[in-house]
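# Structural overview for review
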Amino acid sequence: VVSTQSTGSSGINAEYGKQWYQRRVRGVLNYYTNYYYKSNLRNCKMSSGLKGLKNPFLDLDQNGKVQAYYIWIDGSGENIRGKTRTLDEVPKSIADLPEWNFDGSSTNQSTGENSDVYIRPVSIFKDPFRRGENILVMCECYAPDDTPHPTNLRHECNELMEECKAEVPWFGIEQEYTLFDSSGKHPLGWPENGFPGPQGPYYCGVGADKIKGRTIVEAHYRACMYAGVKIAGSNGEVMPSQWEYQVGPCEGITMGDHLWVSRYILSRVAEEFDSVVSFDPKPIPGDWNGAGCHTNISTAVMREAGGMAHIITAIKPCPLSTRNTLRLTILPRELITRGD
């Protein structure tokens, strides 16, 4: 402890010592504040109370009621929102599900003084988290005047799909993503300071030194299967902590519903493991692999014998690169060979 009672030159020294001491105290406090803040971000399950154990309350009887989790896309066009309502009985179809609403001013979807946005159910999936008769409900957004909300791109897409319904369009989507720790800033399993080894051994890799997050990937795969999402496969990607899964083939507008619900399930599964999912196309700057969402499409005639001629006709007017043309040409040949 520095005394400040002396005078003269010793008083000057004492005042300097006091300031030095205060700076040291502030530095120590800042260090521990930042340390515990970062530590808590990386160990969020400490605050959950269950510490990764099964929630015992989910085994309680629901007295014949059903929990319906309504899902919609928010104003970002990228993020998913959702909330739960109670149904008195199990719905037999979409027509049995009530329309609902939410506050658009909290999701960047308010269209004026009336911030209400209405959500209209369009598809139903089984809920892999609550299980039983509980459901996930994919919804479209509508404005207070009952017109499709500006962020509702599904409505127009569905109209286009109805116009070309006779073509029986099939879609297959390859969704890539990156896993981060609970802070959403640090790739899952990467060194605390620095970077992992160069890319090369991670794509479709095996082993703890190559693969990070497989538990999440396997849980997501099984949850999608349970829910009724048409998940078709998964694999590790080029960058460590980066993965891909495939959805499809799905016909018409169902492709969008299955893809968005699969994204919700993925983020929700990762939440259980205190991890964050990023669909950012370039999550890590520098010479690290990006993440995309590749689309494969075919029509009925393309999948039949002699379909290659229809494929060539379809792609000729398109200003595609040689590489993309080659990929579009080869993929359907494999499908036709397998009889798909």
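Scroll up for the structure.
Residues numbered from 1 in each chain as written. Predicted model: local features only at pLDDT ≥ 70, side-chain atom pairs only at ≥ 80, totals over all residues. Heavy atoms only, no water.

## Points about the overall build of the chain
- A count of helices and strands for the chain gives seven helices and 10 strands.
- Every one of the 340 residues in the chain was classed for burial, and the buried ones make up 35%.
- At a minimum sequence separation of 6, the contacts of the chain that also span at least 24 residues come to 61%.
- Accessible area of the chain: about 20400 Å², with a carbon and sulfur share of 54%. (Helix = DSSP H or I, 4+ residues; strand = E, 2+ residues; numbered from the N terminus. Buried < 20%, exposed > 50% of the residue type's maximum accessible area, 1.4 Å probe, protein only. Contact = heavy atoms within 4.5 Å. Areas by Shrake-Rupley, 256 points an atom, 1.4 Å probe, with all protein chains shown as cover.)

## Thoughts on the pattern of salt bridges
- Per the stated rule, a full pass over the model turns up nine salt bridges.
- Among the salt bridges present, the one from Asp-146 reaches Arg-120, with a minimum N-O distance of 2.5 Å. With a gap of 26 residues between them, Asp-146 in the loop between β5 (135-142) and α3 (153-163) and Arg-120 in strand β4 (residues 116-126) connect regions that are remote in the sequence.
- For Asp-146, a relative accessible area of 48% puts it in the partly exposed group.
- Since its relative accessible area comes to 25%, Arg-120 is described here as partly exposed.
- With a closest N to O distance of 2.9 Å, Arg-154 and Asp-257 form a salt bridge. A residue pair is termed long-range when its members are at least 10 positions apart, and Arg-154 in helix α3 and Asp-257 in helix α5 (residues 254-272) qualify at 103 residues.
- If you follow the salt bridges from partner to partner, you end up with Glu-99, Arg-120 and Asp-146 in one network. (Salt bridge = Lys/Arg side-chain N within 4 Å of Asp/Glu carboxyl O.)

## Quick word on the sheet that holds β5
- With respect to topology, five strands assemble into an open sheet ordered β2-β1-β5-β4-β3, the strand pairing being mixed. This sheet does not close on itself; its edge strands, each paired only once, are β2 (80-87) and β3 (100-103). Here the average twist between neighbouring strands, direction ignored, is 40°.
- Pairing of strand β1 (residues 66-73) with β2, which is carried by eight bridges, proceeds in the antiparallel orientation. (Pairing = 2+ DSSP bridges. Axes fitted to C-alpha atoms, helices over the stretch in contact; angles between N-to-C directions.)

## Structural notes on the packing of aromatic side chains
- For the structure shown, the criterion picks out eight aromatic pairs.
- Considering the side-chain rings of Tyr-70 and Trp-100, the 5.2 Å spacing of their centres and the 80° angle between planes classify their relative orientation as edge-to-face. Here the residue Tyr-70 occupies a position in strand β1, and Trp-100 occupies one in strand β3, the gap between them amounting to 30 residues.
- In this structure Tyr-70 comes out as buried when scored by relative accessible area, which is 0%.
- Among the residues examined, Trp-100 registers a relative accessible area of 18% and is labelled buried. (Phe/Tyr/Trp six-rings, centres within 6.5 Å; stacked < 30°, edge-to-face > 60°.)

## Notes on the environment of Phe-129
- Position of Phe-129 among the secondary structure elements: in the loop between β4 and β5.
- A relative accessible area of 18% places Phe-129 in the buried class.
- C-alpha of Phe-129 to C-alpha of Tyr-226: the two residues are 97 residues apart in sequence and 9.9 Å apart in space.
- Among all residues touching Phe-129, those that are not within four sequence positions of it are Leu-58, Tyr-264, Ile-265, Arg-268 and Val-269.

## Describing the nonpolar core
- One finds Leu-136, Tyr-177 and Ile-265 to be the most contacted residues of the largest nonpolar core, which totals 35 residues.
- If you tally residues by element for this core, the top one is α5, at nine residues.
- Those residues in contact with Tyr-177 that lie beyond four places of it in its chain are Val-217, Ser-241, Gln-242, Trp-243, Glu-244, Tyr-245, Leu-266, Val-277, Ser-278, Phe-279 and Ala-291.
- Grouped together as the second largest cluster of nonpolar side chains are 14 residues, Val-66, Tyr-70, Ile-135 and Val-137 included. (Core = buried A, V, L, I, M, F, W, Y, C linked by side-chain atoms within 4.5 Å.)

## Brief notes about the pairing of strand β7 (residues 231-236)
- When β7 meets strand β8 (residues 242-251), the two strands line up antiparallel, connected through five bridges. Its bridge partner lying in β8, Asn-235 is registered against Glu-244.

## Let's talk about the side chain of Asp-257
- By relative accessible area, Asp-257 is classed as buried at 5%.
- The residues touching Asp-257, leaving out its near neighbours within four places in the chain, are Val-122, Ser-123, Phe-125, Met-138 and Arg-154.

## Some words on helix α6 (residues 307-315)
- Within α6 the residues assigned to the buried category are Gly-307, Ile-311 and Ile-315. All buried residues of α6 project into a common sector of 65° when viewed along the axis, lining one side. (Arc of directions from axis to C-beta.)

## Here's the deal with the state of the cysteines
- The tally for this structure, following the rule as stated, stands at zero disulfides.
- Counting only cysteine sulfurs, Cys-157 is the nearest neighbor of Cys-164, a cysteine outside any disulfide, at a range of 8.7 Å.
- According to the relative accessible area criterion, Cys-164 is partly exposed, its value standing at 27%. (Disulfide = S-S within 2.5 Å.)

## Some thoughts on the environment of Pro-150
- By secondary structure assignment, the location of Pro-150 is in the loop between β5 and α3.
- Classification of Pro-150 as exposed rests on a relative accessible area of 63%.
- In this structure the C-alpha to C-alpha distance between Pro-150 and Gly-75, which are 75 residues apart in sequence, comes to 8.9 Å.

## Overview of the side chain of Thr-178
- In this fold, Thr-178 is placed in strand β6 (residues 170-180).
- For Thr-178, a relative accessible area of 0% puts it in the buried group.

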